[in-house]
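# Residue-level structural notes
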Amino acid sequence: MESKNEKRKSQWLRSNQGIGVIMTVMFTGLFIYIQLTPWAHRRLRDKFTLGFFPTLAVALMIFFSLILIFDSRRREIPPRLEKLTVSGFLSAVLAVVVSWGYFAFMSEIGFLIATPAFLLLAMYALGLKPWRHVIIVALLLTVIVYAIFALMGIELPLGKLSGMIPF
Amino acid sequence: MFEGMFQPEAIVEAFHMVLSLKVLYWLVVGVVIGVGVGAMPGLTAATGVAIMVPLTFTMNTASALGLLIGLYKGAVYGGSISAISFSTPGTPEAAATVYDGYKLMQQGKGRKAILMALYASITGDTLSDLITIGVAPALALIALKFGPTERFWLVVLACTLLGTLSGAHPAKGMFSAALGIFLATIGTDPVGLVQRMTFGIWWLADGINLIPLMIGIFAISGMVEGAVELLRERGITKKAKESISAALLRGGPGLTFREYIRAWKEMLIGLFVGSFAGMLPGLGATVGAFLSYSVAKQVFPKKKIGTGVLEGVAAAESGNNATVGPTLIPLLAFGIPGSSTAALIGGALMIQGATPSPRMFELYPAVVYSLFMILLAGNVVNLGVGRVLGGLYSRLGRLPREILIPLIFMMAIIGSYSYQGNKYDVVVMLAFGLIGYGMRAVRIPDAPLVITFLITPMMEANLRRALLINRGDWLEALFHSPLAIGLCIACFALSFLAIRLEVSKRLSMAK
């Protein structure tokens, strides 16, 4: 019984109504935050309040979120959201974090070392096999992309290899 | 007034800008990449253009336009290759091509179908470019007569259209448009240059940069989604690949001139429906293709469109490519992009210092004329590339997503970083990648967000200019002319009609 209730609750959260409620709460918080900041009420020389457009935009977002709660399609569940699992969401966050890690790594040790490592890791994690192919593709793509950027006159960070590459 | 708009010396200057090997080179590169992007399922024209925009800052204006417009045209056509070859549209725009294209492939007429897609795309594209060249200056003339009040209402009307027509749910479309307005207010206000909505973060003082936002929304969000799907459905993908290999083994006879000419009525339908869909903010190439296809199917029931006939491919392909030029009309005439890709091209023009506005023809006539020339030249290049490399592209669809996704991630990261050398641009890009992924999951369309983000400073500046002119009188500032009142009524009437007639739901069902 309890698991049935939990399932129903999870289904409701994925419906337009659930999405509407979450968005209404989030953007009402933002609306209050804007109203509490001093700049929002500041009048400029043209008699325009600095917070007019941000307030208007957030008010509109709350209004359209409320429509999602009450309109005739409130029980519809977006198909992609229906399929989304916690592990799926975490994979999405992980993909973004790993990408940031790649960028931070690249800034430190340079494009030519960080990129093959990133491509190798990402392609293998996504299921490309065997290892031999993964290594060849990762190295090849790094060299091709570096060459394209060099031809376009865009400098990529070289990190520790700086000064060792002639172009 | 017209004399001011038509500047022969600007046309000569535009010829000088365009007629160079460098521009031709980037145009060919753009089309070659574009057709490849289109042929690879999972990548769209917007993804390709978003990745390439930051790379254009080292180029001159004509080369940058050559690369991006070539890519756009190529990608819209390229989608048909995988749609016909293995029933998987390379881009959403090519989804309507699957119905007849894949059936022709199964009948052993795959080559015929791909050639019809190419010729119909080029026909629709070229003729719609001529419409663009004729209509954009005329609309720009009208736009010049608008004051700040009318311009404000015009932007509001565009936001309303975008919101109500994009996506399957008008409230979600409108939410996306409102989010775009909100994001555009972060940073420094466009008139008083005072900081607002920075949440105490110093690097937000200059606001959110358009380029990382667009790369995040259009490229990263799709790749995040692709990565999640790949991790979940690895087995299914492998099965699909096997069927692709089998389908590609089939070739077949080429297209005769008579077969091409026989589909002229369908191409004409595609031309007009596609051009209309392109001009109206919020509709775009996918709607253009599906509308053309359904109109042709209803008008010519005897041709049995949908059962594997060349006319079905012609209607869909002419319909989607006919949106490419007209989608730039609102951008050139009013400074309002008609689609996500037009917004990206608008962003590229901003990088080049030619910010799209209603005075585009007056301020940057050579840029506008060179854009027209590149639009037309792009079709010739697209025809050549499609004809010569068609077979090769049909194999590109087999490129594993396991390679494609990390590659796009890498390109997006170095693209958004190299644009200004600012690491916070990468943070913004990745954050919007995640936001875009969330929006895809809850089915909130991304185009209204990006387009309203681009046009909100114009909306705010015009409203405040109107207020200054009318000494702070809001009523006068908003409704001082019959045109302003008319535009305001149009906003409400159109949104009421769109919601009442469930236009967005119908359009999404047609897809």
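Quick caveat: nothing in here was measured; it's all calculated off a predicted structure. (Residues numbered from 1 in each chain as written. Chains lettered and ligands numbered in written order. Predicted model: local features only at pLDDT ≥ 70, side-chain atom pairs only at ≥ 80, totals over all residues.)

## Comments concerning the interface of chain B and chain A
Our working definition: Note on contacts: each residue gets a C-beta atom placed from the backbone, and two residues are in contact if those atoms are within 7 Å. The helix count covers DSSP runs of H or I at least four residues long, the strand count covers runs of E at least two residues long, and both are numbered beginning at the N terminus. Residues are sorted three ways: Asp, Glu, Lys and Arg are charged, Ala, Val, Leu, Ile, Met, Phe, Trp, Tyr, Cys and Pro are nonpolar, and all the rest, Gly among them, are polar.
At the junction of the two partners, chain B supplies 51 residues and chain A supplies 51 residues. Looking at the side of chain B that touches chain A, the elements that each hand over two or more residues are helix H9 (170-184), helix H10 (210-232), helix H20 (401-420), helix H21 (423-441) and helix H22 (447-469) of chain B. Sorting elements by how many residues they give to the side of chain B that touches chain A places H20 of chain B first, with 11 residues. In terms of residue class, the side of chain B that touches chain A is built from 34 nonpolar, 7 polar and 10 charged.

## Section: the nonpolar core
This is how it is decided: A set of buried residues qualifies as a nonpolar core if it consists of Ala, Val, Leu, Ile, Met, Phe, Trp, Tyr and Cys joined through C-beta atoms within 7 Å. Residues are called buried when their C-beta atom has 20 or more other C-beta atoms within 10 Å, exposed when it has 12 or fewer, and partly exposed otherwise; all C-beta atoms are positioned from the backbone.
Counting residues in each nonpolar core, the largest one holds 218 residues, and the members touching the most others are Met61 of chain A together with Leu68, Ala178 and Met214 of chain B. Residues contacting Leu68 of chain B, with those up to four places away along its chain left out, are Gly30, Val49, Met52, Val53, Thr56, Ile345 and Ala348 of chain B.

## Some words on the domain arrangement of chain A
Test applied: Start and end points for every domain follow an automatic or database-based domain assignment.
Here chain A is partitioned into domain 1 (2-83) and domain 2 (86-161). Here the C-alpha centroids of domain 1 of chain A and domain 2 of chain A sit 37 Å apart.

## Brief notes about unusual backbone geometry
Of note, the amide linkage connecting Lys129 of chain A to Pro130 of chain A takes the cis form, showing an omega dihedral of -5°. For Pro130 of chain A, the location among the structural elements is in the loop between helix H6 (111-125) and helix H7 (131-151). Its identity as a non-glycine residue notwithstanding, Phe199 of chain B has a phi of 55°, on the positive side. As for its position among the elements, Phe199 of chain B is in the loop between strand S2 (195-196) and H10. Of note, Lys304 of chain B is a non-glycine position whose phi angle comes to about 55°, a positive value. Tracing the backbone shows Lys304 of chain B in the loop between helix H14 (284-299) and helix H15 (310-321).

## A few points about H6 of chain A
What counts, and what does not: Expected helix span is taken as 1.5 Å per residue step, with the number of steps being one fewer than the number of residues. What the arc measures is the spread of directions leading from the helix axis to the C-beta atoms.
Helix length check: H6 of chain A, at 15 residues, gives a terminal C-alpha distance of 20 Å against a target of 21 Å (1.5 Å per residue), a fit within 8%. Regarding H6 of chain A, the residues found buried are Phe111, Leu112, Ala114, Thr115, Phe118, Leu119, Ala122 and Met123 of chain A. Relative to the axis of H6 of chain A, the buried residues are bounded by an arc of 160° and lie together on one face. Where the residues of H6 of chain A are buried, they touch helix H5 (86-109) and H7 of chain A together with H20 of chain B. Positive backbone phi, at 115°, marks Gly127 of chain A, one or two positions downstream of H6 of chain A.

## Description of the packing of helix H8 (residues 148-165) of chain B against H9 of chain B
What describes two packed helices is the angle between their axes and the distance between those same axes. All names here are of chain B. Rule in force here: Every axis corresponds to a line fitted to the C-alpha atoms, with the helix fit spanning only the stretch in contact, and the corresponding angles, defined between N-to-C directions, vary from 0 to 180 degrees. Working rule for angles: under 35 degrees goes down as roughly parallel, over 145 as roughly antiparallel, 65 to 115 as roughly perpendicular, anything else as oblique. Handedness of a helix crossing follows the sense of rotation of the near helix relative to the far helix, less than a right angle counterclockwise being left-handed and clockwise being right-handed.
Between H8 and H9, the shortest axis-to-axis distance is 6 Å and the interhelical angle comes to 135°. Judged by the inter-axis angle, H8 sits oblique to H9. Taken as a pair, H8 and H9 cross one another with a handedness that is right-handed. Facing Cys159, Leu162, Gly163 and Thr164 of H8, the residues of H9 in contact are Pro170, Gly173, Met174, Ser176 and Ala177. The residue makeup of the contact of H8 with H9, split by class, is 5 nonpolar, 4 polar and no charged.

## Side note on the packing of helix H7 (residues 110-144) of chain B against helix H13 (residues 264-279) of chain B
Residues and elements named next belong to chain B. Two numbers describe how H7 lies on H13: the axes approach to 9 Å, and their chain directions differ by 50°. Taken together, H7 and H13 sit at an angle that is classed as oblique. Between H7 and H13 the crossing geometry is right-handed. Residue-level inspection shows Ala120, Thr123, Gly124, Leu127, Ser128 and Ile131 of H7 in contact with H13, the latter providing Met267, Gly270, Leu271, Gly274, Ser275 and Gly278. When grouped by side-chain class, the residues that make up the contact of H7 with H13 number 5 nonpolar, 7 polar and no charged.

## A few points about the environment of Ala354 of chain B
All names here are of chain B. Examined against the element boundaries, Ala354 turns out to sit in the loop between helix H17 (340-351) and helix H18 (360-363). Judged by the 19 C-beta atoms lying within 10 Å of it, Ala354 is partly exposed. For the pair Ala354 and Leu375, spaced 21 residues apart in the sequence, the C-alpha separation amounts to 18 Å. Excluding its chain neighbours within four sequence positions, the residues that come into contact with Ala354 are Thr61, Leu349, Tyr364 and Val367.

## Topic: the confidence of the model for chain B
Residues and elements named next belong to chain B. Definition in use: Confidence scores per residue from the predictor, reported as pLDDT, run from 0 to 100.
With 92% of its residues at a pLDDT of at least 70, chain B reaches an overall mean of 85. Predicted confidence in chain B is weakest over helix H11 (residues 234-248), with a mean pLDDT of 44, and strongest over H21, with 93. Here residues 235-250 is a poorly scored stretch, pLDDT under 50, and it has 16 contacts once near neighbours within four places are set aside; other chains count. We note a pTM of 0.83 for the whole complex and an ipTM of 0.91 for its interfaces.

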